[in-house]
Amino acid sequence: MSDMAVTRELFDQVMVPNYAPSGSIPVRGQGARVWDQQGREFIDFAGGIAVNCLGHCHPALVGALKEQGEKLWHLSNVWTNEPALRLGKKLVDATFAERVYFCNSGAEANEAALKLARRYAIEHHGPEKTQIIAFHQGFHGRTFFTVTVGGQAAYSDGFGPKPADVEHVPYNDLDALKALISDRTCAVVMEPLQGEGGIISPNADFVQAVRELCDQHNALLVFDEVQTGVGRTGALYAYMDLGVTPDILTSAKALGGGFPIGAMLTRADIAASLKPGTHGSTYGGNPLACAVAEAAFDTVNTPEVLAGVKEREGWYREDLAKINAKYQCFSEVRGKGLLLGCVMNEQYQGRAKEFLQAASEEGLMVLIAGANVVRFAPSLVITREEVQEGLARFERAVARVVNG
Ligand SMILES: *Cc1c(COP(=O)(O)O)cnc(C)c1O
């Protein structure tokens, strides 16, 4: 094993080709820095796609992993365990929710939310109430139900018949939602800031109006906070800054700080529809994942870290404005907290990927969100020095693209 040549070529030889990973293979990370096999250093503004909320190898997470790793890893849900109960209690205490369901990913959390919304509507209002409304460009995961609810047909087409009674309207288009919603609507599913779809914030009155429409038609409001949750926008959950409370909320990504875990949060009266045997997961709520997530949650859910996210947003916006003043390639920098998007202007339409590639060549990891947005989702505790160094590399990358 140890003398096997592990190269990028091996990926094409043994892996299913659904990903096209970068040429270099990272082997180690610390804080917001990552090193590849050749020892090349990267500043990480991608954060494992909004997952590594405390950077790489944060001592609180490493400590929790080691401690729990020597105690108990997995039991199945035939038994409960202390880390799951502690994390559940903390999530309930910190949010609108009264009940928590644990799983292993964002898609699984949304799958649970969708199944629960259907069950609840059928039990309380009858078998006709099954319509799910979601938004164009929304993203909710890759299981067949969640990808169908997601707002990009390209991701759900080509797999045969889709789960039925799922419809989409444009994000921020209240009239379209009004025209579609009815007493047959069981749930409206939305991201309180669209991530994958291009870092699109809801209009101030839109979210309130969606809530009111849901109430009028006895439809549940499901907030997918898989990307926005656990401090990403500067609030523990994004709904807290929007003046609207959902009925069901899903969390994953940053919840485990890099360890796979997902959660669905809801009220007790709604949760009652998931009676014993109606839904489940072998690994969901395992002690190892919950112990790490508890440490991540304790570390992030402090006034210092949450206020620090807003402060860091300021650092980014200030420097990005300077870069753009010089190179004129972005029409705006949008998003909230540490989920930010640089939007390509007229001249650079469709070329976000070139900025990502140039950044990588300069030793910087960034993300894109569609063809027109360069996305940053760094560690919530990234240092001033790491932000400065990363943005200096980003400026060099921008210069490369602009100067051809
Ligand atoms: C990433 C993401 C998901 C899917 O999460 P997985 O852990 O990849 O299943 C769902 N919803 C949103 C908003 C996301 O950003």
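An unreviewed UniProt entry annotates the protein as Acetylornithine aminotransferase originating from Oceanimonas doudoroffii. As its UniProt record puts it under Subunit (unreviewed entry), the protein is described as follows: "Homodimer." In its Sequence similarities (unreviewed entry) section, UniProt records this for the protein: "Belongs to the class-III pyridoxal-phosphate-dependent aminotransferase family. ArgD subfamily."

**Structural notes on the packing of aromatic side chains**
Within this structure, the stated rule accounts for 13 aromatic pairs. An angle of 85° between the planes, with centres 5.7 Å apart, marks the rings of F135 and Y171 as edge-to-face. You can see F135 sitting in strand β5 (residues 131-135) and its partner Y171 sitting in the loop between β6 (166-169) and α8 (174-180), a full 36 residues away along the chain. Y171 gets classed as buried once you look at its relative accessible area, which sits at 11%. Each ring, one from F139 and one from Y155, has its centre 6.2 Å from the other, and the planes form 90°; the classification is edge-to-face.

**Looking at the nonpolar core**
Ranked by size, the top nonpolar core spans 82 residues in total, and within it Y316 and F394 carry the most contacts. Built from parts of two domains, this core gets at least three residues from each of domain 1 (8-58 + 303-402) and domain 2 (72-300). Contacts of F394, omitting those with residues within four sequence positions, involve L320, I323, F330, L364, V374 and F376. Counting residues in hydrophobic clusters, the runner-up holds 23 residues, among them Y120, V189, L220 and M264.

**Examining helix α11 (residues 287-300)**
For α11, which comprises 14 residues, the first-to-last C-alpha distance of 20 Å matches the rise-based estimate of 20 Å (1.5 Å per residue) to within 8%. Counting buried positions along α11 gives 13 out of 14 residues, so the element sits mostly inside the fold.

**Describing the layout of surface pockets**
Here the idea is plain: a probe the size of a water molecule rolls over the atoms and shows the empty space left. Reported here for the second largest pocket is a volume of approximately 370 Å³. The wall of the second largest pocket is formed by 14 residues, among which N77, T80, V100, Y101 and F102 lie closest to the centre. Mapped onto the lining of the second largest pocket, the elements with two or more residues apiece are α4 (82-94) and β4 (99-103). Each residue belonging to the lining of the second largest pocket can be placed in one class, and the counts come to 6 nonpolar, 8 polar and no charged.

**So, the site of the ligand**
As a matter of local geometry, the ligand sits amid S105, G106, A107, N110, F139, H140, G141, E191, D224, V226, Q227 and K253. A distance of 3.2 Å separates a nitrogen atom of the ligand from a polar backbone atom of F139. Separating a nitrogen atom of the ligand from a side-chain N or O atom of D224 is a distance of 2.7 Å. Burial of the ligand by the protein chains amounts to 82% of its free accessible area of 380 Å². Element by element, the count of residues in the shell around the ligand is highest for helix α5 (residues 106-125), at 3 residues. When the residues that make up the shell around the ligand are grouped by side-chain class, the tally is 3 nonpolar, 6 polar and 3 charged.

**Re the pattern of salt bridges**
Scanning the entire structure with this criterion turns up 28 salt bridges. A salt bridge links R184 to D165; the shortest N-O distance between them is 2.9 Å. Within this pair, whereas R184 is found in the loop between α8 and β7 (185-190), its partner D165 is found in the loop between α7 (153-156) and β6, the two being separated by 19 residues in sequence. Looking at R184, the relative accessible area reads 31%, which means it is partly exposed. A network of salt bridges, in which partner residues are shared, links R33, E41, E385, E389 and R393.

**Looking at unusual backbone geometry**
For C57, which is not a glycine, the phi torsion comes out positive at approximately 55°. Relative to the elements of secondary structure, C57 occurs in the loop between α2 (47-50) and α3 (59-69). In this structure C57 comes out as partly exposed when scored by relative accessible area, which is 46%. Even without being a glycine, N172 presents a positive backbone phi close to 70°. Tracing the backbone shows N172 in the loop between β6 and α8. With a relative accessible area of 21%, N172 lands in the partly exposed category.

**Re the UniProt feature "modified residue: N6-(pyridoxal phosphate)lysine" (unreviewed entry) in the protein**
Under the UniProt annotation, the feature "modified residue: N6-(pyridoxal phosphate)lysine" (unreviewed entry) is placed at K253. For K253, the location among the structural elements is in the loop between β9 (248-251) and β10 (262-266). In contact with K253, other than residues within four places in its own chain, are I49, A50, V51, E196, V226, Q227 and I261.

**Focus: the side chain of T95**
Mapped onto the elements of the fold, T95 is located in the loop between α4 and β4. A polar contact is formed between the side chain of T95 and the backbone oxygen of L91, at a distance of 2.7 Å. Contacts of T95, omitting those with residues within four sequence positions, involve Y237, Y239, M240 and L265.

Cut-offs and rules
- Residues numbered from 1 in each chain as written.
- Predicted model: local features only at pLDDT ≥ 70, side-chain atom pairs only at ≥ 80, totals over all residues.
- Heavy atoms only, no water.
- UniProt positions renumbered as here; feature names shortened; annotations may be inferred.
- Phe/Tyr/Trp six-rings, centres within 6.5 Å; stacked < 30°, edge-to-face > 60°.
- Helix = DSSP H or I, 4+ residues; strand = E, 2+ residues; numbered from the N terminus.
- Buried < 20%, exposed > 50% of the residue type's maximum accessible area, 1.4 Å probe, protein only.
- Core = buried A, V, L, I, M, F, W, Y, C linked by side-chain atoms within 4.5 Å.
- Domains from an automatic or database assignment.
- Contact = heavy atoms within 4.5 Å.
- Expected span 1.5 Å × (residues − 1).
- 1 Å grid on protein atoms, 1.4 Å probe; cavity = no way out; pocket = protein on both sides within 12 Å on 5 of 7 lines; lining within 4 Å.
- Points joined across faces, edges and corners; volume = space filled by probe spheres on them.
- Nonpolar A, V, L, I, M, F, W, Y, C, P; charged D, E, K, R; others polar.
- Near = heavy atom within 4 Å.
- Polar contact = N/O pair within 3.5 Å; in protein donor to acceptor, adjacent residues only side chain to side chain.
- Areas by Shrake-Rupley, 256 points an atom, 1.4 Å probe, with all protein chains shown as cover.
- Salt bridge = Lys/Arg side-chain N within 4 Å of Asp/Glu carboxyl O.

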